[in-house]
Every structure is written in C-alpha cells, then in structure tokens.
Amino acid sequence: MTIAYKRNFPTLTINNVSTYYLLAAEAMSIHPFPLCFIMATGGHGAREEAEPKKLKLYSYWLSSCSCRVRIGLDLKGLEYEYVAVNFPEGEQQTPEFLKLNPMGYVPVLVDGDIVLADSFAILLYLDEKFPQHPLLPKDSVRRAINFQAANVISSSIQPRQLMLQHMREKLGPQEAIACAQDDLRTGFAALEKLLKDYAGRYATGNEVFLVDLFLAPQIHAAITRFKVEMDEFPLLSRLFEAYMELPAFQDNMPGKQPDTPAEHRV
Amino acid sequence: MQQKSVSPVDNSTSTAPPKLILYSFWQSSCSWRVRFALNLKGLPYEYRAVNLSNGEQFSPEFEKINPLHYVPALADADLVVSDSLAILLYLEEKYPHKALMPVDRRLRVLNLQAANIVSSSIQPLHMVSVLRNIEEKFGSEERSSWAQSKIETGFFALEKLLNSLAGKYATGDEIYLADVFLAPQIAVAIKRFNIDMSKFPTLSRIFNSYKALPEFLDSLPERQPDAVN
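Named according to an unreviewed UniProt entry, chain B is glutathione transferase originating from Coffea canephora. Check the Sequence similarities (unreviewed entry) section of the UniProt entry for chain B; it says "Belongs to the GST superfamily. Zeta family." Database annotation for chain B, UniProt heading Catalytic activity (unreviewed entry): "RX + glutathione = an S-substituted glutathione + a halide anion + H(+)".

By the naming in an unreviewed UniProt entry, chain A goes by glutathione transferase and is assigned to Coffea canephora. Under the UniProt heading Catalytic activity (unreviewed entry), the note attached to chain A is "RX + glutathione = an S-substituted glutathione + a halide anion + H(+)". What UniProt states about chain A under its Sequence similarities (unreviewed entry) heading is, verbatim, "Belongs to the GST superfamily. Zeta family."

A. Local environment of unusual backbone geometry. Cis geometry is found at the peptide bond from Val106(A) to Pro107(A), where omega equals 0°. The residue Pro107(A) is located in the loop between α5 (95-100) and β4 (108-111) in this model. The peptide bond linking Val71(B) to Pro72(B) adopts the cis configuration, its omega dihedral lying at 5°. Look at Asn194(B): it is not a glycine, yet its phi comes out positive at around 50°.

B. Representation of empty space enclosed by the protein. Residues and elements named next belong to chain B. For the coordinates displayed, the defined rule picks out one cavity of 30 Å³ or more. In this model, the largest cavity occupies a volume close to 30 Å³. With four residues, helix α4 (residues 105-122) is the single largest residue contributor to the lining of the largest cavity. Residue classes in the lining of the largest cavity are distributed as four nonpolar, no polar and three charged.

C. Inspection of the domain arrangement of chain A at higher detail. All names here are of chain A. Taken as a whole, chain A is organised into domain 1 (55-132) and domain 2 (140-251). A straight line from the C-alpha centre of domain 1 to that of domain 2 covers 20 Å. Opposite the 14 residues of domain 1 that make contact, domain 2 presents 19 residues. Here domain 1 and domain 2 share an interface that buries about 1400 Å² over both sides, 75% of which is from carbon and sulfur atoms. For the domain 1 face of the interface with domain 2, the top three residues by lost area are Arg68, Ile71 and Phe120, together amounting to 44%. For the interface between domain 1 and domain 2, the tally reads zero salt bridges. On the surface where domain 1 and domain 2 come into contact, there are zero residue pairs in polar contact (both at pLDDT 80 or more).

So, how was this worked out
- Residues numbered from 1 in each chain as written.
- Chains lettered and ligands numbered in written order.
- Predicted model: local features only at pLDDT ≥ 70, side-chain atom pairs only at ≥ 80, totals over all residues.
- Heavy atoms only, no water.
- UniProt positions renumbered as here; feature names shortened; annotations may be inferred.
- Helix = DSSP H or I, 4+ residues; strand = E, 2+ residues; numbered from the N terminus.
- 1 Å grid on protein atoms, 1.4 Å probe; cavity = no way out; pocket = protein on both sides within 12 Å on 5 of 7 lines; lining within 4 Å.
- Points joined across faces, edges and corners; volume = space filled by probe spheres on them.
- Nonpolar A, V, L, I, M, F, W, Y, C, P; charged D, E, K, R; others polar.
- Domains from an automatic or database assignment.
- Contact = heavy atoms within 4.5 Å.
- Buried area = accessible area lost by both parts, 1.4 Å probe.
- Salt bridge = Lys/Arg side-chain N within 4 Å of Asp/Glu carboxyl O.
- Polar contact = N/O pair within 3.5 Å; in protein donor to acceptor, adjacent residues only side chain to side chain.

Next comes the structure, spelled out in structure tokens:
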C-alpha cells in the first residue's frame, strides 16, 4: 500500500472563522474579541497544532466515496495519513483490509482505536468530533435537505456503479457506459429539482455543506469517466464550477492523489 | 392516495403530538424502516399510501412531494423530507424522545455504518427496478443469483461488524438505528429472496428479538392500510 501524509491547512471561511477564534480564546482564557484581529490576519494554527496526528484514511484515487472524505478532512484542516488501497491488484479483498472493512470498500477512517467505514458515516463522525467548518447548516430544513440529497447520491446514484463491472463483463464496455449514463442522468435530473429552491453559490446556500462533498466527486466522475453531457443540468454545472475554484475540492479530485497513476495525473 | 391515521403502539408523547404524514407503500422496505422508527419513538402519524404497483409515484401530486419518485417521504408541517436515512436523522434531531442513536460515540458510528451498509450496499442493489433491469438484460436466473449474492455479501459483512457488540439487538441490548434498517432488510431477505439465515447466526438471533416487538409487528407490510392479500 502506498502511504503518504496530507497536511491540510484549514481555510478561513465564513463557516469556521468564528469557531476558530472562540476555541483559541477558550484555550488562552481570554476574551474572544481581541483574537478576531489575530485570526483575520491569518493566524489560524491554534486548533490545527493541538490535533494529534492519529487519523488514517484508506483511500483509492478514483473512488468518489473516498473523494468525499478527502474533501471533508481538508475543509476541517485535519492532517492524516493517506493509505492507498490498490483496487486493480485486489488489495481491498485481502484479509488484512477485510478486517478493517468487511465489505471490502474504501474509504475507511482510523481514529485511534475507532475504525469506521462508509463515507456518510465517516463524515458525520468527523463533523461531531471536529466541529471546525461544520458540514451541516444550523437550519433544520437545510439540514434535512443535506441529508436527503447526500443520501440520494450515496444510495440511489453511486451504488448503481457497482453494476458496472457486471455489465462490462456481460455486455461490453459501451453498453455498460450507456447504462451508467442513463442512471446518472436520472439521478442528476432529480437533484436539479430537489436543490433548485435551496441552492445559492453552493448546493444548499452560500456555504459549503455535506451535500457539496457528495456532489463534486459524483459530477466529476460523470464528466470524466462516463462522459455525461452536463448541459441539461444547469444547476449542477454551475455548482461544479464553483467547487473547482476551491482548493479543498480541486486538491482532492482523483487526478491529484498520492496513488494517481502517472497517465491520469493532473 | 389512500389515507389513514396510525397511532403507534405506545402513545406516551407529550402535549400536542406532531402532525406527521408518512407517504408509504406497504411492500417498500425503506418505508418500513420509517414506520418501525415512528412506532419505536411513539410518534403518531397519518399514513398516506402511494401505490407503486400502478405508478402513483409518478403522479404530479407525488412529484411535488418527492421528485425522485421514491417512498418514503415524511411531511412535518411545511417541511417534506424524503429518503429513509434523511427522515430518520431528521426525526432524531426534532423528536429526541426515545432516541434511536446511542450516546456512546463508538456505538453511534457503528450504528451509522451498519445502517449505511443496508442503505447503500444492499437494498439499492435488489430494488425492483434494478432486478427488472438485470432480468431484461441477463435473464431470470441471473436476477436471482444477483440478488442473493449482493444480500449475502452484505450480511457476511454485517455479521463480522456486529458479532462482538451485538446483544439482544444489533449493537447491544438497546434498539437503535442499525436495528431499524436491519429488521426490514432481514425480513425481506427471508421472505422475498429465500436467503438461508443459518449462515448468519447474529442476524438470525437479533431478528428473533425484533419479531417479539409490537412496534415491529405493527410495521409489517401485511398490517398496513394498503396491504393486498
């Protein structure tokens, strides 16, 4: 397995700046107000320095589910050890890996003695334990929309790709791609409807939340792997452009991972 | 749509019970999860049947409720939430009485992971539409072996995940989110796909615990207002 370290510097955004200076003030036993000037000038190391280096992420460069968690870790400024699982060589089916996740899927997060698989579960866990850059809005309506849209991708769209290998073997690559495109188009059409009343700069407003972490990798896969034409999905197209302006998204796309093969490296 | 008020088995809620409406189909295992959870939490609701057999999920009326055309969907005053996991997480936050998520963080993550194995890695792969697709392309034998293989892969994984922590229920002696997902999934595996549960002793044991619960029995497909013999 390829192992690398990722050091994420937390990005100061509207989501996290108040959390940062409040946490730092608490740590230093001073009133938060003077600190906001320090934070505004870029002194955002307090929370990050306090975090022990104990997170480990088992990931595969091309896995959209792993990509979701990579983005989440980056947004929260969490350092972790990247352990690549080589799918073409079947590393996900080794007894060693199956002990970590009996389903044989990535991503898997190890945090001390907690071992956790499934991207949805991992992200909710990270959000509870590391509250900087919250992944869920405070408003209960938008929270529900985040859960719903994220799970639409996680349970209704992405799992269809599990049929891809089967289709490819039985029907050939072109037919398999055509099936995948149909599934993606159906799912994207529904997401366009679901999100249209809530989207701002990002999917559920003007801040990045959970559903954006699911959308970005799914749209990226649809475009690059399955050649879906995005013209019929104007909202998702616009969101994707907004994601690609953010380093936390760009840096965690498949083309830039420690285990990205040379011919796919961006 | 067929409508009926359903009071769960335990009516011990505080004043002014919520006016919840559940859009459900009697045979939908995803709807079943929410019915079971509403019963466990003691939340009364109005049952509105959506007939998936005659395409009612594509009606303009239901399109407004869920543009993905799936059940379940839950209406709570002006808010409509679709997707069973989203509904259950919403219910946990809004109605914390009789919590379905444990306090202990390790158990919380285990419950989320087990729920997601069912929700993303088992059930979507044996949905009616997926199996119809498999049958059209590859034939009915392939359809059966596909469903069996996907369910058994998931069940073997769940056995390993849960065997050291399961008690009366999936993650101990209290019923939680994982159980809400597992109960319908195991029931469907047995009844619809003839899965041999002797390979899964932990899942078999906890299924027996579910069958003893009035809240589970009350959520059975055949007890729903739109059940057809």
